[in-house]
Amino acid sequence: MWGGRFSARPAEIMQAINVSIGVDRRLWAQDLAGSRAHCRMLAAKGIVSQADAEAILGGLDAIEAEMRDGSFPFRDRFEDIHMNVEARLAELIGEPSGRLHTARSRNDQVATDFRLWVRDACDAAVEQLQGLQRALLARAEPHAGDLMPGFTHLQPAQPVTFGHHLMAYVEMFGRDAGRFSDARTRMNESPLGAAALAGSPFPIDRQMTAAELGFDRPMGNSLDAVSDRDFALESLAAATICAGHLSRLAEEIVVWMTPQFGFVTLPDDLTTGSSIMPQKRNPDAAELVRAKTGRIMGSLVALSTVMKGLPLAYSKDMQEDKPPVFEAFDALTLALGAMTAMVSALKPDTGRMRAAAGSGFSTATDLADWLVRELDLPFRKAHHVTGAAVKRAEALGVDLAQLPLAELQSLEAGVTEAVYKVLTPEASCASRQSFGGTAPEQVRARIAEWKTRLA
């Protein structure tokens, strides 16, 4: 490739550290797409002849066929996907192949290929997230009114419904999809034509190549076009946040499946056993989703570290941009698929959830709210009275709903029998009618809205 300047081949260690075909070979489809767009533009502008362009395009078609049937000869001595394709094109069509690289560099070529790949990965992530949202909706809808405890600090807080709990993740994953979509919008500019770093003296048409590749426009600065990877970093940031949400749901599945909770079960084909303990059913898929988050977060840190000190424009450090991105999106794709399968197969024990919903004095806030509404107590005083009622109920070994009226009246004289209407988990849930609350009507309204949005 640079034989005119160099008289010796790379040393063995230089070849080992410099070669990237083992990683970037997965960019072959994007590389061929970029080369086709560039070739057609060169022909349209009269920079190469129509005959040479047809030969090049025919050779690229032949290479695509070899890629698809697995016969393409990937070779380390050609370093990367770009030079492997160029070398194979020369073998197939001869001299016209050398004209394809007119008015471009590997710098804008790899920036274009990588941007196309990340754009596709963001699109795929959005599609998977929407599939997961649909699975959550399908599981939430029949359980919009089924009680379970809501937690803070993993302690019983207030009753909610299982459908409401699942819908929280529908909202989270909706924002995740939005982040990928936002990142895609910002990255949808074409680096092609920026060449090595300064643009090209040839009369190229960057608008033409940008349009053919589905970009909104060419990038406006040639230095920026070849040297920044913020599109990859932003996508990794979106992947990291998404993985965090997946990990939280995975953790809840792990906890819910313990005998101590017993809220849900998963079928045999989504769990594993033990090599020594025959009774075990382990939520390994959920645990591995939880673990994948570390790999995805690590990828963001890795690429951020690569990019943080690089001067403009291109540096070979940037060859290390692709491994963390590929690894992160591979992990995310697997985690989203596994979580969708688990949610679809999740079987809740609604009786167990309902029994737990009333534990831990979960309707204490309802008592405080009743004291404010009915007796016009300041909330802080109502909070104090309710705390004393909880302490008394705890001493007597009963729930608030079983605490005798006389005990409540000893703490606040104005309390009446009517208070017991708000002290059941069902009444507590039904009262939360504010927008986004856990009242079943509100839960069903959000389910209907999301089904429309995802239709």
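Anything mentioned here points back to the structure above.
Bear in mind that the values here come from a model prediction, so they are computed numbers and not experimental data.

Re the pattern of salt bridges
Point 1. Enumeration according to the criterion identifies 30 salt bridges in this entry.
Point 2. A salt bridge links Asp80 to Arg106; its shortest N-O distance comes to 2.6 Å. Taken as a pair, Asp80 in the loop between helix H4 (50–69) and helix H5 (81–93) and Arg106 in helix H6 (residues 106–140) lie far apart in primary sequence, 26 residues in all.
Point 3. Residue classification places Asp80 among the buried positions, given a relative accessible area of 6%.
Point 4. Residues joined in a network through salt bridges with shared partners are Arg36, Asp61, Glu64 and Arg68.

Some words on the side chain of Thr102
Point 1. In this structure, Thr102 sits in the loop between H5 and H6.
Point 2. Once residues lying within four places of it in the same chain are set aside, the contact partners of Thr102 are His38, Leu42, Ile47 and Phe202.

With respect to the environment of Leu132
Point 1. With respect to the element layout, Leu132 can be found in helix H6.
Point 2. As a C-alpha pair, Leu132 and Val343 span 211 residues in sequence and 7.9 Å in three-dimensional space.
Point 3. Discounting chain neighbours no more than four positions away, the residues touching Leu132 are Phe173, Leu246, Leu336, Met339, Thr340 and Val343.

Points about helix H13 (residues 350–357)
Point 1. Listed in full, the buried residues belonging to H13 are Met353, Ala356 and Ala357. Across the axial projection of H13, the buried residues extend over an arc of 105 degrees, all falling on one side.
Point 2. Against the buried residues of H13 lie strand S1 (147–152), strand S2 (155–161), helix H7 (162–187), strand S5 (264–265), strand S6 (347–348) and helix H17 (425–431).

Describing the packing of H6 against helix H12 (residues 322–345)
Each pair of packed helices gets described by two things: the angle between the helix axes and the distance between those axes.
Point 1. The geometry of H6 relative to H12 is characterised by a closest axis approach of 9 Å and an angle of 15 degrees between their N-to-C directions. Taken together, H6 and H12 sit at an angle that is classed as roughly parallel. Two packed elements cross with a definite hand, and for H6 against H12 that hand is left-handed.
Point 2. Considering only residue class, the contact of H6 with H12 consists of 19 nonpolar, 6 polar and 2 charged.

Focus on a nonpolar patch on the surface
Point 1. Residues Ile13, Met14 and Ile17 make up a contiguous nonpolar surface patch of roughly 350 Å² in combined accessible area.
Point 2. Within the secondary structure, Met14 sits in helix H1 (residues 12–18).
Point 3. Met14 sits in the partly exposed class, given a relative accessible area of 41%.

Regarding the nonpolar core
In summary, soluble globular proteins display a tendency toward joint burial of nonpolar side chains.
Point 1. Residues Leu136, Phe180, Leu246, Val325, Leu332 and Met339 are the most contacted members of the largest nonpolar core, which totals 92 residues.
Point 2. The element that contributes the greatest number of residues to this core is helix H10 (residues 230–256), accounting for 14 residues.
Point 3. Residues Leu367, Trp370, Val415 and Leu423 belong to the second largest nonpolar core, which totals 21 residues.

A few points about the packing of aromatic side chains
Point 1. Counting across every chain of the model gives 10 aromatic pairs.
Point 2. Their ring planes at 70 degrees and their centres at 5.6 Å tell us that Phe114 and Phe231 sit as a pair that is edge-to-face. With Phe114 in helix H6 and Phe231 in helix H10, this pair connects stretches of sequence that are 117 residues apart. Neither residue differs from the other here; Phe114 and Phe231 are each classed as buried.

Describing the pairing of S1
Point 1. Note: S1 against S2, 6 bridges, orientation antiparallel. Paired with Thr152 across the two strands is Gln155, which belongs to S2.
Point 2. With antiparallel pairing between neighbouring strands as the criterion, S1 and S2 make up a hairpin whose turn holds 2 residues, including His153 at a positive phi of roughly 60 degrees.

A few points about the environment of Asn18
Point 1. Among the secondary structure elements, Asn18 is positioned in helix H1.
Point 2. Overall, the relative accessible area of 10% leaves Asn18 in the buried class.
Point 3. Along the primary structure Asn18 and Gln319 are separated by 301 residues, whereas in three dimensions their C-alpha atoms are 8.8 Å apart.
Point 4. For Asn18, the contacting residues outside a window of four places in its chain are Glu79, Lys316 and Gln319.

Some points on helix H15 (residues 379–396)
Point 1. Helix length check: H15, at 18 residues, gives a terminal C-alpha distance of 25 Å against a target of 26 Å (1.5 Å per residue), a fit within 8%.
Point 2. Summarising the contacts, the buried residues of H15 are in contact with helix H14 (364–375) and helix H16 (405–411).

Overview of the state of the cysteines
Point 1. On inspection of all chains with the given rule, the structure shows 0 disulfides.
Point 2. Note on Cys242: no disulfide assigned, nearest cysteine sulfur contributed by Cys122 at a separation of 11 Å.

Brief notes about the packing of H7 against H10
Point 1. At their nearest, the axes of H7 and H10 sit 8 Å apart, and the two run at 165 degrees to each other. By the angle between their directions, the pair H7 and H10 is classed as roughly antiparallel. The two elements H7 and H10 cross, and the hand of that crossing is left-handed.
Point 2. Looking at side-chain class alone, the contact of H7 with H10 contains 15 nonpolar, 3 polar and 6 charged residues.

Observations concerning the side chain of Thr293
Point 1. Note that Thr293 resides in helix H11 (residues 284–307).
Point 2. On the accessibility criterion, Thr293 (6% relative accessible area) is buried.

A short note on the environment of Gly214
Point 1. With respect to the helices and strands, the residue Gly214 is situated in the loop between helix H8 (206–212) and strand S4 (217–218).
Point 2. Placed 98 residues apart in sequence, Gly214 and Leu116 show a C-alpha to C-alpha distance of 9.1 Å.
Point 3. Sequence-distant contacts of Gly214, defined by excluding residues within four places in its chain, comprise Arg119 and Asn188.

Criteria and cut-off values
- Residues numbered from 1 in each chain as written.
- Predicted model: local features only at pLDDT ≥ 70, side-chain atom pairs only at ≥ 80, totals over all residues.
- Heavy atoms only, no water.
- Salt bridge = Lys/Arg side-chain N within 4 Å of Asp/Glu carboxyl O.
- Helix = DSSP H or I, 4+ residues; strand = E, 2+ residues; numbered from the N terminus.
- Buried < 20%, exposed > 50% of the residue type's maximum accessible area, 1.4 Å probe, protein only.
- Contact = heavy atoms within 4.5 Å.
- Arc of directions from axis to C-beta.
- Axes fitted to C-alpha atoms, helices over the stretch in contact; angles between N-to-C directions.
- Parallel < 35°, antiparallel > 145°, perpendicular 65-115°, else oblique.
- Left-handed = near helix turned anticlockwise from the far one by under 90°.
- Nonpolar A, V, L, I, M, F, W, Y, C, P; charged D, E, K, R; others polar.
- Patch = residues over 30% accessible without salt bridge, like charges linked within 9 Å, V, L, I, M, F, W, Y side chains within 5 Å.
- Areas by Shrake-Rupley, 256 points an atom, 1.4 Å probe, with all protein chains shown as cover.
- Core = buried A, V, L, I, M, F, W, Y, C linked by side-chain atoms within 4.5 Å.
- Phe/Tyr/Trp six-rings, centres within 6.5 Å; stacked < 30°, edge-to-face > 60°.
- Pairing = 2+ DSSP bridges.
- Expected span 1.5 Å × (residues − 1).
- Disulfide = S-S within 2.5 Å.

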